[in-house]
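A structural walkthrough
Next come the chains, spelled out residue by residue.
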Amino acid sequence: MDFFFCLPIIFGCPTKVKPEGNQAARICPRCHNAAMFSAKSRTWFEFCFVPLIPMNSKHVWMCGICQLQVNMQPGQWEPQIAQPGYQHPQLQGQYGPSQSAGYQPGYIQPQK
């Protein structure tokens, strides 16, 4: 009797990103959140989900919210460092201290 075995061969070249260096919060130019960090992006050749050979490597700025990646080059553009108390431009004033006394949830109508 002859047996025919079909073994799936799975391979690919995914990119893995790891944070590196100074992890001070920086402002993303796309989404304006203080979630940008420096990272190392590396592409691997994988066989059956096991990374075997590093193919490509580069240093990038990456936003953890919108996933923007910008190549990092010496002496070139760097994202602005977020100052303590930084708020997203669309949220400024929404979450600040309230002007009224006491807790006032938005779903309770004031009594007249």
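Details of the structure are given in the entry above.
Residues numbered from 1 in each chain as written. Predicted model: local features only at pLDDT ≥ 70, side-chain atom pairs only at ≥ 80, totals over all residues. Heavy atoms only, no water.

A separate point is unusual backbone geometry. A positive phi angle, near 60 degrees, is found at histidine 32, a position not held by glycine. Among the structural elements, histidine 32 can be located in the loop between strand S2 (15-19) and strand S3 (36-47). We note that glutamine 67 has phi near 65 degrees; this positive angle belongs to a residue other than glycine. Glutamine 67 gets classed as partly exposed once you look at its relative accessible area, which sits at 46%. (Helix = DSSP H or I, 4+ residues; strand = E, 2+ residues; numbered from the N terminus. Buried < 20%, exposed > 50% of the residue type's maximum accessible area, 1.4 Å probe, protein only.)

Time to look at the pattern of salt bridges. All chains considered together, the criterion is met by two salt bridges. Lysine 16 is paired through a salt bridge with glutamate 46; the nearest N and O atoms lie 3.3 Å apart. You can see lysine 16 sitting in strand S2 and its partner glutamate 46 sitting in strand S3, a full 30 residues away along the chain. Glutamate 78 is the partner of arginine 26 in a salt bridge, and the nearest nitrogen-oxygen pair spans 3.6 Å. Placement of the pair is arginine 26 in the loop between S2 and S3 and glutamate 78 in the segment after strand S5 (69-71), with a sequence separation of 52 residues. Overall, the relative accessible area of 10% leaves arginine 26 in the buried class. Glutamate 78 gets classed as partly exposed once you look at its relative accessible area, which sits at 48%. (Salt bridge = Lys/Arg side-chain N within 4 Å of Asp/Glu carboxyl O.)

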